[in-house]
Number of protein chains: 2
Amino acid sequence: MEVQNRLIEIINNAIKDISYPSVAPGLFDPIKYTLSVGGKRIRPLLTLMSTSLFTEDINPAISPAIGIEVFHNFTLLHDDLMDNALIRRKQPTVHVKWDANTAILSGDAMQILAYKLVAASPSEHLKQVIDLFSKTALEICEGQQFDMEFESREDVPEGEYIEMIRLKTAVLLGCALKVGAIIGGAENKDADLLYTFGEKIGLAFQLKDDLLDVYGDPKVFGKNIGGDILNNKKTFLLIKALELSSEKDNRQIRGKLKEVNFSAEEKIEFFTSVYNNSGAKNECGKRMEEYFNMGLKALKRVNIETEKKYELEKLASQLMYRES
Amino acid sequence: MEVQNRLIEIINNAIKDISYPSVAPGLFDPIKYTLSVGGKRIRPLLTLMSTSLFTEDINPAISPAIGIEVFHNFTLLHDDLMDNALIRRKQPTVHVKWDANTAILSGDAMQILAYKLVAASPSEHLKQVIDLFSKTALEICEGQQFDMEFESREDVPEGEYIEMIRLKTAVLLGCALKVGAIIGGAENKDADLLYTFGEKIGLAFQLKDDLLDVYGDPKVFGKNIGGDILNNKKTFLLIKALELSSEKDNRQIRGKLKEVNFSAEEKIEFFTSVYNNSGAKNECGKRMEEYFNMGLKALKRVNIETEKKYELEKLASQLMYRES
């Protein structure tokens, strides 16, 4: 825990130290608010841990690490607006606390701020870092686009779902790790292995999210259980349940999805038992483990002493076996 | 005209050649649409003309020039959404043709695309170019923030108005020129002078816009005359008219601004005669000329042969004496 806590302190201090032009508080207050509300700071943690695999001096990686965290929080800000989500991390979202136009414009400024921080990478690595960051940022937009398109589609094949969460969630973890490796002076091959580690862990992380939404402990989870079910969200669980069920059960599930008047409790209960009985829950857990192990395998192949990898392995396990 | 046309052809071809990932057409179609609708391509023109002051090889400047144009069009896309503007360049805006969420997300992707193109600057200039671009992009957000805040304010002092249009419009012209100069290998002093040239021309350009909205020829202008008046927009003309009018006239003007039921024709007529009689029109024209001349003076001081500056001078004059 000690290493993680020390790094998180560095990260939070660097976030507090971001310099904003003083002339337009109306533009920057929502950014400061978004960044102060917290979160696990997983992405900058991954960057700094990755750098420290290759060098003891993590300072040059701090600004880009923070840039990646700012970008992540920007995507949450705009996604919450697009999804009309009212609460994030137990606090009102920006478009609720201010308004939609503020959320749009502050988000835009936040994206520029992210680039500004990422562009403070050491000049010898700048081109490689910024190109990777742009590629990743565009992929995240594509992921969000697919996620939105899925809402109005009846059937989403499993492969498309996995590709969506890869783009929307996993690539940024890969990018965070690879940026850290590049700045640490890693060989290309090792930087790529760390990207793969992050990408696979990211896929597992998102499947865990799908599971927690149904099976999480409400006391620990921090948000209400069953949100995805009530929103008819096409999660891995739902897609797999439809795939594994008989034609008759399929009709029943599709009927439930179309019901307009329903008791929330009953609907959650219905789908939970569908996920249990169809084998979807097991499949989801299995798939999660698979990606987790693929990630660990890539990490093992990184050409440095095994002891140095301990912190990253630990963080990956924490993400995988987390309860919130 | 020949040089301009040749450069505009290069610009439009480069815009057509932008490569988009093929996987998410729903994300990229609105971007292609926005870029195909046209516009005068002033910013990339300025970049390429600026580069060609210092070198014959303008190729390394093409990608960043296009990046600046993409960024400009991104700001229009999001601004139109925030202002709920329905038409841009005689075509439906993105949030009308698609929807608000598409406008948000495609705009976000467009901003990333802009950075991707700007980051294709020659590596020896990358750091300087990207830092200038980020600084400018943040300033443009600040300008838009001020513009939105002005809507709900009774009095906007002239100085604040000028600062708003400097941020919202002028700095990007300065940036376009300076980026071109940097890539052309200019001395810092000359690059800064070209920035000043662009900034001052940009201020004059925006004041011309204020004038055209009232005094433009509807047949040439391309949009309806009096739009700013009908929207109670705090333009230089309105601010100056309030400043120059007697207390009695002031009360009458403020009364007109608050009227809810009015004939559009009458309101436009009223304000046009206020601008004529108060001297606001003259003041606006005078100020425009002042900035124009300040810009030309900066250009004159750039340390290269006078003949080479001819194309930039001509473009500046066209912008100043344009009818649309």
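Owing to the predicted nature of the structure, the values given are computational and were not obtained by experimental measurement.

**Things to note about the overall build of chain A**
Logical step 1: Counting secondary structure elements, chain A contains 16 helices and 2 strands.
Logical step 2: A globule of 324 residues ought to have a C-alpha radius of gyration of about 20 Å, and chain A, at 20 Å, matches this closely.
Logical step 3: Its C-alpha atoms give chain A principal-axis dimensions of roughly 60 × 50 × 35 Å.
Logical step 4: By the burial criterion, 58% of the 324 residues in chain A qualify as buried.
Logical step 5: Counted over contacts in chain A with a minimum sequence separation of 6, partners at least 24 positions apart contribute 75%.
Logical step 6: Summed over all atoms, the accessible surface of chain A reaches about 13,900 Å², with 49% contributed by carbon and sulfur.
Logical step 7: In chain A, 41 side chains carry a positive charge and 48 a negative one; their mean positions are 1 Å apart.

**Let's talk about the relation of the copies chain A and chain B**
Logical step 1: With an axial shift of 0.0 Å and an RMSD of 0.0 Å, the rotation relating chain A to chain B amounts to 180 degrees. Taken together, these values place the two copies in the relation of a two-fold axis.

**Things to note about the side chain of Glu 142 of chain B**
Logical step 1: Mapped onto the elements, Glu 142 of chain B comes out in helix H7 (residues 123–151).
Logical step 2: Buried Glu 142 of chain B, no salt bridge; nearest opposite-charge side chain is Arg 166 of chain B, N-O distance 7.5 Å.

**Points about the interface of chain A and chain B**
Logical step 1: Across the contact, 36 residues belong to chain A and 36 residues belong to chain B.
Logical step 2: The junction of chain A with chain B conceals about 3,400 Å² of combined surface from both sides, 74% of it contributed by carbon and sulfur atoms.
Logical step 3: Contact with chain B buries area across many residues of chain A, yet Leu 105, Ile 112 and Leu 138 of chain A alone supply 19% of it, more than any other trio.
Logical step 4: Linking chain A to chain B there are 8 residue pairs in polar contact (both at pLDDT 80 or more).
Logical step 5: For the side of chain A that touches chain B, the secondary structure elements donating two or more residues are helix H2 (25–36), helix H4 (59–82), helix H6 (100–118) and helix H7 (123–151) of chain A.
Logical step 6: The biggest single contributor to the side of chain A that touches chain B is H7 of chain A, with 14 residues.

**Quick look at a nonpolar patch on the surface**
Logical step 1: Together, Leu 86, Ile 87 and Val 96 of chain A line one region of the surface with nonpolar side chains, adding up to about 270 Å² of accessible area.
Logical step 2: With respect to the helices and strands, Val 96 of chain A occurs in helix H5 (residues 94–97).

**Observations regarding the packing of helix H3 (residues 42–54) of chain B against helix H16 (residues 310–320) of chain B**
Residue and element names in this part refer to chain B.
Logical step 1: Between H3 and H16, the least distance of the axes is 10 Å, while the angle of their chain directions is 160 degrees. Our classification of the angle between H3 and H16 gives roughly antiparallel. You can see that H3 and H16 cross each other, and the crossing is left-handed. Facing H3, whose interface residues are Ile 42, Leu 45, Leu 46, Met 49 and Leu 53, H16 presents Glu 311, Leu 312, Leu 315 and Leu 319.

**Re H2 of chain A**
The α-helix advances 3.6 residues per turn, and as a result positions three or four apart in sequence lie on the same side.
Logical step 1: Helix length check: H2 of chain A, at 12 residues, gives a terminal C-alpha distance of 15 Å against a target of 16 Å (1.5 Å per residue), a fit within 8%.
Logical step 2: Within the sequence span of H2 of chain A, burial applies to Leu 27, Phe 28, Pro 30, Ile 31, Tyr 33, Thr 34 and Leu 35 of chain A.
Logical step 3: Residues of H2 of chain A that are buried in the fold lie against helix H1 (2–16), H4, strand S2 (91–92), H5 and H6 of chain A together with H7 of chain B.
Logical step 4: Where H2 of chain A terminates, the next one or two residues include Gly 38 of chain A, which has phi positive at roughly 110 degrees.

**Overview of the pattern of salt bridges**
Logical step 1: Summed over all chains, the structure comprises 47 salt bridges over all chains.
Logical step 2: Note that Glu 154 of chain A and Arg 254 of chain A form a salt bridge whose closest N and O atoms lie 3.7 Å from each other. Of this pair, Glu 154 of chain A sits in the loop between H7 and helix H8 (158–184) while Arg 254 of chain A sits in helix H13 (residues 247–258), placing them 100 residues apart in sequence.
Logical step 3: Exposure remark for Arg 254 of chain A: the relative accessible area of 23% places this residue in the partly exposed category.
Logical step 4: Here Asp 131 of chain B makes a salt bridge to Lys 127 of chain B, at a shortest N to O gap of 3.1 Å. Of the two residues, Asp 131 of chain B and Lys 127 of chain B are both situated in helix H7; the distance of 4 residues between them amounts to about one turn of the helix.
Logical step 5: On the basis of relative accessible area, Asp 131 of chain B is assigned to the partly exposed category, the value being 32%.
Logical step 6: Several salt bridges converge on common partners, so that one network encompasses Asp 79, Asp 147, Lys 168 and Lys 233 of chain A.

**Here we look at the packing of aromatic side chains**
Logical step 1: For the coordinates displayed, the defined rule picks out 19 aromatic pairs over all chains.
Logical step 2: Both rings, one in Tyr 20 of chain A and one in Phe 28 of chain A, keep their centres 5.7 Å apart while their planes meet at 50 degrees; by these two values the pair is tilted. With respect to class, Tyr 20 of chain A is no different from Phe 28 of chain A; both count as buried.
Logical step 3: Considering the side-chain rings of Tyr 115 of chain A and Tyr 115 of chain B, the 3.7 Å spacing of their centres and the 0 degrees angle between planes classify their relative orientation as stacked. Taken together, the residues Tyr 115 of chain A in helix H6 and Tyr 115 of chain B in helix H6 (residues 100–118) connect one chain to another. Each member of the pair, Tyr 115 of chain A together with Tyr 115 of chain B, is buried.
Logical step 4: A connected cluster of aromatic rings, assembled from ring pairs, spans Phe 71, Phe 74, Tyr 115 and Phe 133 of chain A together with Phe 71, Phe 74, Tyr 115 and Phe 133 of chain B.

**Brief notes about the packing of helix H1 (residues 2–16) of chain B against helix H4 (residues 59–82) of chain B**
Residue and element names in this part refer to chain B.
Logical step 1: Between H1 and H4, the least distance of the axes is 10 Å, while the angle of their chain directions is 75 degrees. Accordingly, the angle class assigned to the pair H1 and H4 is roughly perpendicular. Contacts from Ile 10, Ile 11, Ala 14 and Ile 15 in H1 reach Ile 62, Ile 66 and Glu 69 in H4.
Logical step 2: A breakdown of the residues in the contact of H1 with H4 according to their chemical character gives 6 nonpolar, no polar and 1 charged.

**Observations regarding unusual backbone geometry**
Logical step 1: Even without being glycine, Arg 41 of chain A reaches a positive phi, approximately 55 degrees.
Logical step 2: Here Arg 41 of chain A shows up in the loop between H2 and helix H3 (42–54).

**Side note on H6 of chain A**
Residues and elements named next belong to chain A.
Logical step 1: If you check H6, its first and last C-alpha atoms are 27 Å apart, about what 19 residues at 1.5 Å a residue would give, namely 27 Å.
Logical step 2: Across the 19 residues of H6, 16 count as buried, placing the element largely inside the fold.
Logical step 3: Near the N-terminus of H6, the side chain that reaches the backbone nitrogen of Asn 101, with its oxygen 3.4 Å away, is that of Asp 99.

**Here we look at the confidence of the model for chain A**
Parts of the model with low pLDDT should not have their predicted coordinates read in detail.
Logical step 1: Here chain A averages 95 in pLDDT, and 99% of its residues register 70 or above.
Logical step 2: In the model output, the complex is listed with pTM 0.95 alongside ipTM 0.94.

**Some thoughts on the environment of Ala 14 of chain A**
Logical step 1: Within the secondary structure, Ala 14 of chain A is located in helix H1.
Logical step 2: Residues Ala 14 of chain A and Ile 66 of chain A lie 52 residues apart in sequence; the distance between their C-alpha atoms is 7.2 Å.

What counts as what
Residues numbered from 1 in each chain as written. Chains lettered and ligands numbered in written order. Predicted model: local features only at pLDDT ≥ 70, side-chain atom pairs only at ≥ 80, totals over all residues. Heavy atoms only, no water. Helix = DSSP H or I, 4+ residues; strand = E, 2+ residues; numbered from the N terminus. Rg over C-alpha atoms; globule rule 2.2 N^0.38 Å. Buried < 20%, exposed > 50% of the residue type's maximum accessible area, 1.4 Å probe, protein only. Contact = heavy atoms within 4.5 Å. Areas by Shrake-Rupley, 256 points an atom, 1.4 Å probe, with all protein chains shown as cover. Lys, Arg positive; Asp, Glu negative; His and termini not counted. Charge placed at Lys NZ, Arg CZ, Asp CG, Glu CD. Least-squares fit on C-alpha atoms with pLDDT ≥ 70 in both. Salt bridge = Lys/Arg side-chain N within 4 Å of Asp/Glu carboxyl O. Buried area = accessible area lost by both parts, 1.4 Å probe. Polar contact = N/O pair within 3.5 Å; in protein donor to acceptor, adjacent residues only side chain to side chain. Patch = residues over 30% accessible without salt bridge, like charges linked within 9 Å, V, L, I, M, F, W, Y side chains within 5 Å. Axes fitted to C-alpha atoms, helices over the stretch in contact; angles between N-to-C directions. Parallel < 35°, antiparallel > 145°, perpendicular 65-115°, else oblique. Left-handed = near helix turned anticlockwise from the far one by under 90°. Expected span 1.5 Å × (residues − 1). Phe/Tyr/Trp six-rings, centres within 6.5 Å; stacked < 30°, edge-to-face > 60°. Nonpolar A, V, L, I, M, F, W, Y, C, P; charged D, E, K, R; others polar. pLDDT = per-residue confidence, 0-100.

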